[in-house]
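A structural walkthrough
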Amino acid sequence: MAGPGHRTRFFDHRLPPLYSGRHTVTVDHTVSGSAKVGADLLPDLAQVFAVRQPRFQLLPEDVTACYPPPGAEGEYGTLLPHITLTRPGFPWMHLLRGAKAGAPWLALLLFRADELPEDPQAVGQVMVSTAADFAAGRAGPGRPPTFDPPLYDDEKELTVTSVLVPAALFTALCPTTYELGMLAHIREGGPPDASRRVGEDPPPDENDIKAVVVSGRFPDEGGLHVAHLVSLDGFEDYLDGRTPPPAEGLRLVSLHSWAFTSADDGKLDFGEYAQRLAADPDPLLCHPGLPATSDVPLALDLLRQGGTVLPQSLESGEPTVGFYRGPLTATPAHRLPQGTGVRLESAGEGLVYMEELGAYDTGYAVAFSLGRGLALADAEFRSALVAYRKSARRAARRLLAFPELAALGERDAAAGIDTRVVRRSFDRLLGDDGPLAAALTRPGADVKAGGRRPAARTATVAPMSVDRLRTAVTDASTRSVLASAVRAELTPVQAWLTRLTRLEMVPFGYLVPDERQLPRESVRFFHVDPGWMQAAVDGALSVGEGHALDADLNDLARELRGVPQPACGVLIRSELLVNWPEAVLTAFGEDREIAPVRQRNLGDDLRMLLYSRVIDRFALAEPAQGLHFGLSFNNTTELRSIVAPVGQALGDFPADGSGYARFLRPGGHNVLDIEHRLAPALAAALSVGELSSAQFALQLVKAPLVQEFTLNPRLSSDEPTEGML
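Residues numbered from 1 in each chain as written. Predicted model: local features only at pLDDT ≥ 70, side-chain atom pairs only at ≥ 80, totals over all residues. Heavy atoms only, no water.

1. Concerning the overall build of the protein chain
- The number of helices and strands found in the protein chain is 20 helices and 32 strands.
- Relative to its full complement of 725 residues, the protein chain shows a buried share of 45%.
- Counting contacts in the protein chain only where the partners sit at least 6 residues apart, residues at least 24 apart contribute 76% of the total.
- If you sum the accessible surface of the protein chain, you get close to 36000 Å²; carbon and sulfur atoms cover 53% of it. (Helix = DSSP H or I, 4+ residues; strand = E, 2+ residues; numbered from the N terminus. Buried < 20%, exposed > 50% of the residue type's maximum accessible area, 1.4 Å probe, protein only. Contact = heavy atoms within 4.5 Å. Areas by Shrake-Rupley, 256 points an atom, 1.4 Å probe, with all protein chains shown as cover.)

Have a look at this one:
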């Protein structure tokens, strides 16, 4: 597939040169040598200083993003909430007593409704007090932390928001010190660097690194939730099961909080929709339920191409049935039946009588009639077509009258057609190099001796007939000159024809005549029949056609130079487009991404994409909404390589499809048991001894889902279709 458009790197942590707290610098002296006079006069010196972290407040600019978004309502049951912080080293500024380096002093705790006594609705209610009252236990029930060092004087009047967490709930939800380290990491995002080689990673970009703290708890499938970024500073005794929390519960500092609703709307998620689309065994745009063989092979062939049987009225008024197929075909279409020439001059010439069936194939006749009807309904196009023909006839006559113009080159000849030839000849006569200037420079005697110039013999000029004009229009040496001379009038005509050939104006019923060809929750691949489009263009250009010269000028209008024409396409009809309108649709041909020449929304749940060459792969991807953590629709994650190439998909985890239920703590709180269950299982699956926090985060990334459709290998990536229609 095409390369990524973004690069993300994970780092375990950012350890500070000095953790927060009180530090002492001691200076002593040693005097060496034989003379030690005054050595006792140099006493040791000790300097005490403090490194401080914001223990009670975060500024608004310290928080880059929260997910799920504050106030959002959605299906978040398989996602782990997380918060992104602007200062990459903030979670590691303080080292909890008894914890290893790399364990942050922060935890993101997720609460449901009826869990927090002071916030039973889980809407984000907190207790507000000063830091002095909080430390003294006057902010409300619950034991406050024991701060070491104690409050500084300038901290005592700070505003503190806090929450009361019951003892049993704290034990059930709070990560262990090991899990604290696994649930926090640093992330760097940036454009991909194709020239970078493995083992030569550049240092992190200080302007593009953020700290991420992840919750270890999944939301319920329905209900309100509130997430609190809490400080564990001063609660070390209650971590890792060292000491049970007091019965009155713990009062924790909430540095940041937000609420959201996880709602089970009963709808399928992206992966389930994509799987349904991919489950169709025959994704080609043809008549459904066709038998393998038939007593009438021609009829079966027409239905396989995408045709259907519709009522038809003959010119005599007699009702019958006929086959109809639009421009979208399941297989490459047959060549256009040619009537009196290289173009259709009437709808009747597009009718194909199938003697074997005793019926007509009406597809090309309908295309001709549609193109003519669309042209007649568009007054602006009709006017542009008339103006083009008028200008082109005038330019053709000028080329025929002055054949020397064609020898000047395309640009000069086109400019010469638009100027008065007689005036230009007179200007040459008066010019510095003209005959008059040459005669004036000759001596009078020479001029007189030269005598009178004999009269020129008058050449016989052929009459300006229609046949001569048609010859001039169809001659390959003059067509480019003629097109350049009338470019201003030709451009709007060709722009309208381009819209027609890209199916912008074609009603949907002409594209898919039988709704059974495109059922709900389906994807269909098709070829575009250039013969059908040529018939439609013939019909449009037949408007106002008075004689054979106009027909020849129509051929010039068909030459859409440099305008790629659709060769194939995709139709998607699914609620997936309603729920994910920004879904990424990508086509490939021979491992190269192919951009659509046209993308048309035919409804909220219906989209058509046209491509200038036949594709062999098509990918339907979930829209990228940032990097999140959680489970896929099938309750698994994507196991990813932690060695080069880092991030390469290795398959679902758990491989047996049993899901993540066995990696949860007991108690029904949906909390991951990272230390004892999940992390060892992931390390074993990756054949490593232990995972770092960055490697662990890589395994839990909920990347956008991609469903790929691999088409028939016979469909090769042809060169873009363009040229004459």
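2. What about the packing of aromatic side chains?
- Under the defined criterion, the tally for this structure stands at 15 aromatic pairs.
- Look at F134 and F147: their rings are 6.3 Å apart centre to centre, the planes differ by 50 degrees, and that puts the pair in the tilted class. Note that F134 is positioned in helix α1 (residues 131-135) and F147 in the loop between α1 and β9 (159-165), a separation of 13 residues in sequence.
- For F134, a relative accessible area of 1% translates into the label buried.
- Among the residues examined, F147 registers a relative accessible area of 11% and is labelled buried.
- Three or more aromatic residues link up through ring pairs in this structure, and these residues are F56, F134 and F147. (Phe/Tyr/Trp six-rings, centres within 6.5 Å; stacked < 30°, edge-to-face > 60°.)

3. Notes on the pairing of strand β11 (residues 209-214)
- Taken across its 6 residues, β11 has 5 buried, putting it largely inside the fold.
- With 4 bridges joining them, strand β6 (residues 82-85) and β11 adopt antiparallel strand pairing. Within the sheet, the bridge partner assigned to H82 lies in β11 and is V214. (Pairing = 2+ DSSP bridges.)

4. Some details on the sheet that holds strand β26 (residues 617-621)
- Strand order in the open sheet formed by 4 strands is β23-β22-β26-β31, with antiparallel pairing between adjacent strands. Strand pairing shows two members of the sheet lacking a second neighbour, β23 (592-594) and β31 (706-710), which therefore form its edges. Sheet twist, expressed as the mean angle between neighbouring strand axes with direction ignored, is 30 degrees.
- Of the strand pairs in this sheet, strand β22 (residues 584-589) and β23 are connected by 3 bridges, and their pairing is antiparallel. From the neighbouring strand, G589 faces β23, where its bridge partner is R592. (Axes fitted to C-alpha atoms, helices over the stretch in contact; angles between N-to-C directions.)

5. Looking at the side chain of E236
- Topologically, E236 is positioned in the loop between β12 (223-231) and β13 (250-262).
- Relative accessible area serves as the criterion here: at 4%, E236 is assigned to the buried category.
- Here R97 takes part through its backbone nitrogen, which lies 3.3 Å from a polar atom of the side chain of E236.
- Those residues in contact with E236 that sit more than four places away from it in its chain are H94, L96, R97 and R242. (Polar contact = N/O pair within 3.5 Å; in protein donor to acceptor, adjacent residues only side chain to side chain.)

6. Overview of the nonpolar core
- Core analysis: the largest hydrophobic core is formed by 57 residues, its most contacted members being I83, L85, F170, L229, L232 and L252.
- Those residues in contact with L252 that sit more than four places away from it in its chain are L109, F134, T161, S162, V163, V165, F170, V230, S231, L232 and F235.
- In terms of nonpolar packing, the next biggest core, distinct from the first, is built from 52 residues, L385, A485, L511 and A540 among them. (Core = buried A, V, L, I, M, F, W, Y, C linked by side-chain atoms within 4.5 Å.)

7. A closer look at the environment of C174
- Summarising the element assignment, C174 is placed in the loop between α2 (167-173) and α3 (177-182).
- Owing to a relative accessible area of 7%, C174 belongs among the buried residues under this scheme.
- Measuring from C-alpha to C-alpha, the distance between C174 and Y238 comes to 9.6 Å, with 64 residues separating the pair along the chain.
- What C174 contacts, discounting residues up to four positions off in sequence, is L109, L232, L239 and R665.

8. Details of the pattern of salt bridges
- Following the criterion strictly, the structure yields 26 salt bridges and no others.
- Of the charged contacts in the structure, one is a salt bridge between R558 and D538, with a shortest N-O distance of 2.2 Å. One end of the pair, R558, is in helix α17 (residues 548-558); the other, D538, is in helix α16 (residues 530-541), and 20 residues separate them in sequence. Per residue, the accessibility class of R558 equals that of D538, and both read buried.
- A salt bridge links D555 to R558; the nearest nitrogen and oxygen atoms lie 2.4 Å apart. One end of the pair is D555 and the other is R558, both in helix α17 and 3 residues apart, which spans about a single turn. The same class applies to D555 and to R558, which are both buried. (Salt bridge = Lys/Arg side-chain N within 4 Å of Asp/Glu carboxyl O.)

9. Comments concerning a negative patch on the surface
- Taken together, the side chains of E75, E221, D264 and E272 make up a negatively charged region of the molecular surface.
- You can see E75 is positioned in the loop between β5 (73-74) and β6. (Patch = residues over 30% accessible without salt bridge, like charges linked within 9 Å, V, L, I, M, F, W, Y side chains within 5 Å. Lys, Arg positive; Asp, Glu negative; His and termini not counted. Charge placed at Lys NZ, Arg CZ, Asp CG, Glu CD.)

10. Observations regarding the side chain of S231
- Here S231 is to be found in strand β12.
- Overall, the relative accessible area of 4% leaves S231 in the buried class.
- A polar atom in the side chain of S231 sits 3.2 Å from the backbone nitrogen of D233.
- Apart from residues lying up to four places away in sequence, S231 is in contact with W105, L106, L252 and V253.

11. A closer look at helix α14 (residues 487-501)
- Here α14 is 15 residues long and its end C-alpha atoms lie 20 Å apart, about the 21 Å a rise of 1.5 Å per residue gives.
- Those residues of α14 not exposed but buried are L490, V493, Q494, W496, L497, T498, L500 and T501.
- Positive backbone phi, approximately 65 degrees, marks L503, located one or two places after α14. (Expected span 1.5 Å × (residues − 1).)

12. Quick word on helix α20 (residues 693-700)
- Extensive coverage of α20 is indicated by the burial of 7 of its 8 residues.
- Taken together, the buried positions of α20 are occupied by S693, A694, F696, A697, L698, Q699 and L700.

13. Here's the deal with the sheet that holds strand β16 (residues 328-329)
- In spatial order, the strands read β16-β19-β21-β25-β24; together these 5 strands make up an open sheet with antiparallel pairing. Here the strands that pair on one side only, and so sit at the sheet edges, are β16 and β24 (598-603).
- Bridge count for β16 against strand β19 (residues 522-528) is 2 bridges, and the pairing is antiparallel. Bridge pairing links L328 to V528 in β19.

14. As for the confidence of the model for the protein chain
- For the protein chain, mean pLDDT is 82; residues scoring 70 or higher make up 79% of the total.
- Low pLDDT, under 50, characterises residues 191-196; the predicted model gives this stretch 9 contacts beyond four residues in sequence or across chains.
- Across residues 713-725 the pLDDT falls below 50, and counting only partners more than four positions away or on other chains, this stretch makes 37 contacts in the model. (pLDDT = per-residue confidence, 0-100.)

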